[in-house]
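Architecture and fold: a report
Here is how the chains run, residue by residue.
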Amino acid sequence: MKTIRGSVYVLKDDIDTDQIIPAQYLNLVPTIPEEYTKLGSHALSGLPDGHTLFVKPGAIKAEYPVIIAGRNFGCGSSREHAPVCLGAAGVKAVIAESYARIFFRNCVATGELYPFESGQRLCDLFKTGDQAEINVEGAQVTNLTSGQSYSIKELGAVAPVVEAGGIFAYARKSGIIK
Amino acid sequence: MGMTLTEKILARAAGKRVVGPGDNVWVEVDILLTHDVCGPGTIGVFQREFGRMAKVWDPSKVVIIPDHYIFTADEMSHRNVESLRTFVKEQSLPYYYDPGTPNYKGVCHVALPQTGHVRPGEVIFGTDSHTCTHGALGAFATGIGNTDAGFIMGTGKLLIKVPKTLRFTVDGTVPRYLMGKDIILKIIGDIGFDGASYCAMEFRGDAINQLSIEERMTICNMVIEAGGKNGIIAPDEKTFEYVKARTDKPFEALYSDTDARVECDRVYDASKLEPCVAEPHVPSNFALARERNDVKLDRAYIGSCTGGKITDFVAAARILKGQKVAIPTFLVPATVEVAEAIMSSMIDGKSLVEIFAEAGCEDVAPPSCAACLGGPTDTFGRTTGKEAVISTTNRNFPGRMGSKQSRIYLASPLTAAASAIRGRITDPREFMS
Ligand code: SF4
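Residues numbered from 1 in each chain as written. Chains lettered and ligands numbered in written order. Predicted model: local features only at pLDDT ≥ 70, side-chain atom pairs only at ≥ 80, totals over all residues. Heavy atoms only, no water.

A closer look at the overall build of chain A
Each helix and strand counted, chain A has six helices and seven strands in total. Secondary structure of chain A in N-to-C order comes out as β-α-α-β-α-β-α-β-β-β-β-α-α. What you see for chain A is a C-alpha radius of gyration of 16 Å, in line with the 16 Å of a compact globule of 178 residues. In terms of its C-alpha atoms, chain A occupies a principal-axis envelope of roughly 50 × 40 × 25 Å. The buried share of chain A, taken over its 178 residues, is 58%. When the accessible area of chain A is evaluated, it comes to approximately 7,000 Å², of which 50% is carbon and sulfur surface. (Helix = DSSP H or I, 4+ residues; strand = E, 2+ residues; numbered from the N terminus. Rg over C-alpha atoms; globule rule 2.2 N^0.38 Å. Buried < 20%, exposed > 50% of the residue type's maximum accessible area, 1.4 Å probe, protein only. Areas by Shrake-Rupley, 256 points an atom, 1.4 Å probe, with all protein chains shown as cover.)

Considering the overall build of chain B
Within chain B, the secondary structure is distributed over 14 helices and 18 strands. In terms of its C-alpha atoms, chain B occupies a principal-axis envelope of roughly 55 × 55 × 40 Å. Residues counted as buried form 66% of the 433 residues belonging to chain B. In chain B, the proportion of contacts linking residues at least 24 apart, taken out of those at least 6 apart, comes to 76%. Entry remark: accessible area of chain B is about 14,300 Å², with carbon and sulfur atoms responsible for 49%. Considering chain B, the positive charge centre built from 48 side chains and the negative charge centre built from 52 side chains are found 2 Å apart. (Contact = heavy atoms within 4.5 Å. Lys, Arg positive; Asp, Glu negative; His and termini not counted. Charge placed at Lys NZ, Arg CZ, Asp CG, Glu CD.)

Section: the site of the ligand
All residues in the neighbourhood of the ligand are listed as B:H68, B:V107, B:H109, B:D128, B:H130, B:S304, B:C305, B:C369, B:C372, B:L373, B:N394 and B:R400. Grouping the constituent residues of the shell around the ligand by class yields five nonpolar, five polar and two charged. (Near = heavy atom within 4 Å. Nonpolar A, V, L, I, M, F, W, Y, C, P; charged D, E, K, R; others polar.)

With respect to the sheet that holds strand β18 (residues 407-411) of chain B
Residues and elements named next belong to chain B. Taken in spatial order, the six strands make up an open sheet running β12-β11-β18-β17-β13-β14, and their pairing is mixed. Every other strand in the sheet has two partners, leaving β12 (286-288) and β14 (329-332) as the edge strands with one partner each. Strand-to-strand twist of the sheet, defined as the mean angle between neighbouring strand axes without regard to direction, takes the value 25 degrees. Pairing between strand β11 (residues 276-278) and β12: three bridges, direction antiparallel. Following the sheet pairing, C276 is matched in β12 by L288. (Pairing = 2+ DSSP bridges. Axes fitted to C-alpha atoms, helices over the stretch in contact; angles between N-to-C directions.)

Remarks on the sheet that holds strand β1 (residues 3-10) of chain A
Residues and elements named next belong to chain A. Ordered in space as β4-β3-β2-β1-β5-β6-β7, the seven strands form an open sheet in which the pairing is mixed. Strands at the two margins of the open sheet, each flanked by one partner only, are β4 (114-117) and β7 (148-151). Geometrically, the sheet is characterised by an average inter-axis angle of 30 degrees between neighbouring strands, direction not taken into account. The pairing of strand β5 (residues 131-135) with strand β6 (residues 140-143) spans four bridges and is antiparallel. Along β6, the bridge assignment pairs N135 with Q140.

A few points about the nonpolar core
In terms of nonpolar packing, the biggest core is built from 164 residues, with A:F54, A:F73, A:L86 and B:F203 touching the most fellow members. Aside from chain neighbours lying at most four places away, what touches B:F203 is B:F168, B:I184, B:I187, B:I208, B:I219, B:C220, B:V223, B:G231, B:I232 and B:I233. (Core = buried A, V, L, I, M, F, W, Y, C linked by side-chain atoms within 4.5 Å.)

Notes on the interface of chain B and chain A
Chain B puts 50 residues into the contact, and the matching count from chain A is 45 residues. Carbon and sulfur atoms supply 56% of the area that chain B and chain A bury against each other, a total of about 3,800 Å² over both sides. For B:D148, the salt bridge identified is with A:R105, shortest N-O distance 2.6 Å. There are 22 residue pairs in polar contact (both at pLDDT 80 or more) connecting chain B and chain A. For the side of chain B that touches chain A, the secondary-structure elements that each account for two or more residues are β1 (24-28), α2 (39-50), α3 (75-91), β5 (140-143), α5 (146-155) and β6 (157-161) of chain B. At seven residues, α2(B) tops the list of elements feeding residues into the side of chain B that touches chain A. Classifying every residue of the side of chain B that touches chain A by side-chain character gives 20 nonpolar, 18 polar and twelve charged. (Buried area = accessible area lost by both parts, 1.4 Å probe. Salt bridge = Lys/Arg side-chain N within 4 Å of Asp/Glu carboxyl O. Polar contact = N/O pair within 3.5 Å; in protein donor to acceptor, adjacent residues only side chain to side chain.)

With respect to helix α3 (residues 81-88) of chain A
Residue and element names in this part refer to chain A. Burial of α3 is extensive: eight of the eight residues sit out of reach of the surface. Among the residues of α3, H81, A82, P83, V84, C85, L86, G87 and A88 are the ones counted as buried. Lining the buried residues of α3 we find α1 (17-20), α2 (33-41), β2 (66-69) and α4 (101-110). Of the residues trailing α3, G90 is marked for its positive phi of about 100 degrees.

What to know about the confidence of the model for chain B
On average, residues of chain B carry a pLDDT of 97, and 100% of them reach 70 or more. Both confidence scores are given for the complex: pTM 0.97, ipTM 0.96. (pLDDT = per-residue confidence, 0-100.)

Remarks on the packing of aromatic side chains
With the rule as written, the count across this model stands at 21 aromatic pairs over all chains. Relative to B:F251, the ring of B:F240 lies with its centre 6.0 Å away and its plane at 25 degrees, an arrangement referred to as stacked. Of this pair, B:F240 sits in helix α9 (residues 237-244) while B:F251 sits in the loop between α9 and β10 (264-269); the two residues are eleven residues apart in sequence, bridging distant segments of the chain. Since its relative accessible area comes to 16%, B:F240 is described here as buried. Overall, the relative accessible area of 22% leaves B:F251 in the partly exposed class. Through successive ring pairs, a cluster of aromatic residues spans A:F168, B:W26, B:F46, B:F50, B:F87 and B:F151. Looking at B:R246, its charged tip hangs above the ring of B:Y242, at a distance of 3.7 Å from the centre. The cationic tip of B:R429 hangs over the ring face of B:Y177; the distance from NZ or CZ to the ring centre is 4.6 Å. (Phe/Tyr/Trp six-rings, centres within 6.5 Å; stacked < 30°, edge-to-face > 60°. Lys NZ or Arg CZ within 6 Å of the ring centre and 35° of its normal.)

With respect to the pattern of salt bridges
One pass over the structure, following the stated rule, counts 43 salt bridges over all chains. The closest approach of N and O atoms between A:D49 and B:K404, which form a salt bridge, is 3.6 Å. Here A:D49 is found in the loop between α2 and β2, whereas its partner B:K404 is found in the loop between β17 (388-391) and β18 on a different chain. With a relative accessible area of 31%, B:K404 lands in the partly exposed category. One salt bridge connects B:E358 with B:K350, and the closest N-O pair in it is separated by 3.1 Å. On the basis of relative accessibility, which here comes to 30%, the residue B:K350 falls in the partly exposed class. Within the structure, one salt-bridge network assembled from shared partners comprises A:K12, A:D13, A:E97, A:R121 and A:D124.

Quick notes on the packing of α2(A) against α3(A)
How two helices sit against one another is set out by the angle between their axes and by the gap between those axes. All names here are of chain A. The contact between α2 and α3 brings their axes to 7 Å, and the two run at 85 degrees. Put simply, α2 runs roughly perpendicular to α3. Contact residues: α2 offers Y36, L39 and G40, while α3 offers H81, V84, C85, G87 and A88. Here the residues of the contact of α2 with α3 sort into five nonpolar, three polar and no charged. (Parallel < 35°, antiparallel > 145°, perpendicular 65-115°, else oblique.)

Okay, here's the thing in C-alpha cells:
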C-alpha cells in the first residue's frame with residue numbers, strides 16, 4: 001500500500017503561483033540540478049507576512065511533505081517552477097478543494113507531486129503541524145493528530161499519466177514516442 | 001448536435017470529425033511559443049528526454065520571444081537569454097527575436113500576432129498562461145508548462161482535454177468611455193476567479209464585433225484570470241485584415257455551429273457597463289471606478305500584454321492631453337511596434353510621446369514585461385514598499401509587481417490615466433465631454 005506520511009502545511013483559497021514562487025526567482029532553471037534545489041528553498045516565500053515560514057531560514061527543504069489547501073490552488077501563471085519548487089522542497093502531495101488547470105496539469109506532466117482533490121473543505125479540518133497519512137490507492141487521508149479520516153477523490157482521467165510517472169513515461173508506454 | 005469554435009479547431013487538429021467536452025485527444029500543434037523565463041527549462045526537458053542532439057519537430061513552428069527579464073543587470077537572466085541564442089543557432093530556428101538587436105520585439109503576446117504568427121483556426125501552445133490572448137484572432141491558444149512544451153518540441157503533439165464552452169454575448173453599442181478591459185473585469189467579477197476553470201470562454205455579440213483586434217486581445221488575455229483554458233472570438237473581416245497584413249501563410253477560419261452545445265450563455269449590454277477596477281488582491285474583486293473615489297494612489301502603470309498596446313496608449317493620451325499627472329506615471333509599451341506608434345501617432349497635431357511628456361509622465365520605457373510581474377530587483381517600475389498602484393496589467397496578486405505590501409488596482413488605460421491626474425481612483429468620464 002502506497003502511503004505518504006508527515007506534517008501538513010495548511011493554506012486557504014486562491015493561492016497563486018506568484019505566492020508559491022515569486023517572479024524574482026524565475027531566473028532559476030528547473031532542469032539544472034543546483035537551481036532545482038534553490039527553487040525548493042524559495043517555495044511559498046511569496047505568501048503574505050504572518051504565515052508560518054514554509055522553509056526555515058537557511059534550510060533548503062521544508063518539513064511538510066503534505067500541503068492541504070482550499071479552492072483554486074495554483075492559479076495564475078503557467079510557470080512550472082511552481083510545482084517544481086514544491087517538489088524540490090520535499091512536498092509529496094497537495095490535497096486541495098480544487099486546482100487551477102495549468103498547475104494541476106504541470107503536477108501531472110512533471111510527476112513532481114500528487115495533486116489530490118478533496119471532497120470537503122479539509123483546510124478547515126487540519127492545522128499546520130498536524131500529522132497526516134495519505135493512503136494513495138485507498139483515496140483516503142487521516143489526520144493522525146485528531147484521529148479523523150476523510151476520503152479524497154480518485155485521480156480519474158489523469159491517473160494513467162500519474163501512474164506512468166509523467167507525460168513522457170506515459171507517451172512511451174502507449175507508443176506515442178519511442 | 002453541433003460543435004463550438006473551440007471544439008471544431010481541436011477536432012481538426014486531432015484528425016477527428018467530432019469531439020466533445022471531456023474527450024482527451026492528441027492534437028497537432030501549429031505554433032509553440034516560449035520566452036526567456038520558461039524557454040531554458042523547456043529546452044532542458046527537451047534535451048533530457050530526446051537527447052542532447054535531438055532536433056525540434058518543425059523549426060518553422062517554434063517561436064521564441066524573450067521579453068520578461070531583458071533590461072536588468074541580473075547575470076542569471078542574461079545567461080538564460082544566452083542559452084536561448086545557443087539553442088536557436090544549433091537548431092537553425094527562423095523565428096527568434098533577439099534582445100539588443102533590431103529584431104527584438106518585446107512582450108510575446110503582443111509580438112506574436114503583430115509578427116504574423118497567429119492565424120484563425122490554428123492551435124497555439126505557449127509556456128505562458130496569457131497565451132490565451134491569441135484566441136482573439138479565432139485560434140485555439142492556451143498556456144502550458146515546460147514539460148508539456150518540451151514534449152511538443154520533440155513531437156509536435158500534445159494530449160489535451162476538450163473543454164466545455166461558456167458563452168458570453170456582449171450586445172449593444174460600446175460607449176467611448178468603456179474598454180475591453182472593463183468588459184472582461186465585469187465578466188470575471190460576475191463568474192469569479194475560478195468561474196471558468198477548465199472551460200473555453202467564447203465571446204460574441206455586436207459589442208465584440210465593434211472592438212478592434214487589440215481590444216479583443218485584452219478580453220481574451222484575461223480569461224486565465226477566471227481560470228479559463230482558452231478565450232476565443234470568431235474571426236471576421238477585421239481579423240482577416242489584421243492577419244493578412246502580417247502573413248502570407250494560408251489558414252482556414254472556423255466558426256461555431258448554431259446548434260453548438262454551451263455550458264451557459266451570459267448576455268451583457270455594453271451600453272450599460274461602466275468603467276471599473278479590480279481591487280487587491282484578486283482580479284475578480286470588481287468595483288465601479290466612480291464608487292472608489294476615496295482610494296488614494298501613489299503610482300500609475302500603463303503597460304503589459306493586457307494594457308500596453310497601441311490602442312491602450314492612444315486611450316491614455318486622449319485623457320492626458322492638456323492635463324498634468326499627480327502621481328508618478330510609468331509607461332511601458334509592450335513591443336517595439338507599440339513604442340514606435342507612441343512616437344508617430346498624433347492626436348490633434350501632437351504625438352503621444354509629447355502628450356505624455358507634457359502631462360509629466362515618466363519617460364517612456366523600452367518595451368518588455370517590466371514591472372507587470374515584479375522581476376529582478378532592478379526592474380523598471382517595480383514596487384518596493386506599500387505603494388497603491390493603478391495598473392493596466394492583468395494580475396493584482398500579493399507581490400505581483402514586486403513588493404508584497406503594495407496594493408494593485410487593475411483598470412483600463414482610460415481609467416488609469418484619469419486616476420493618474422487626480423491621484424485617486426477616477427472614472428474617465430470626468431475628463432470626457
Ligand atoms: S506583460 Fe505581464 S502578463 Fe504579459 S507576458 Fe509579460 S509578465 Fe506575463
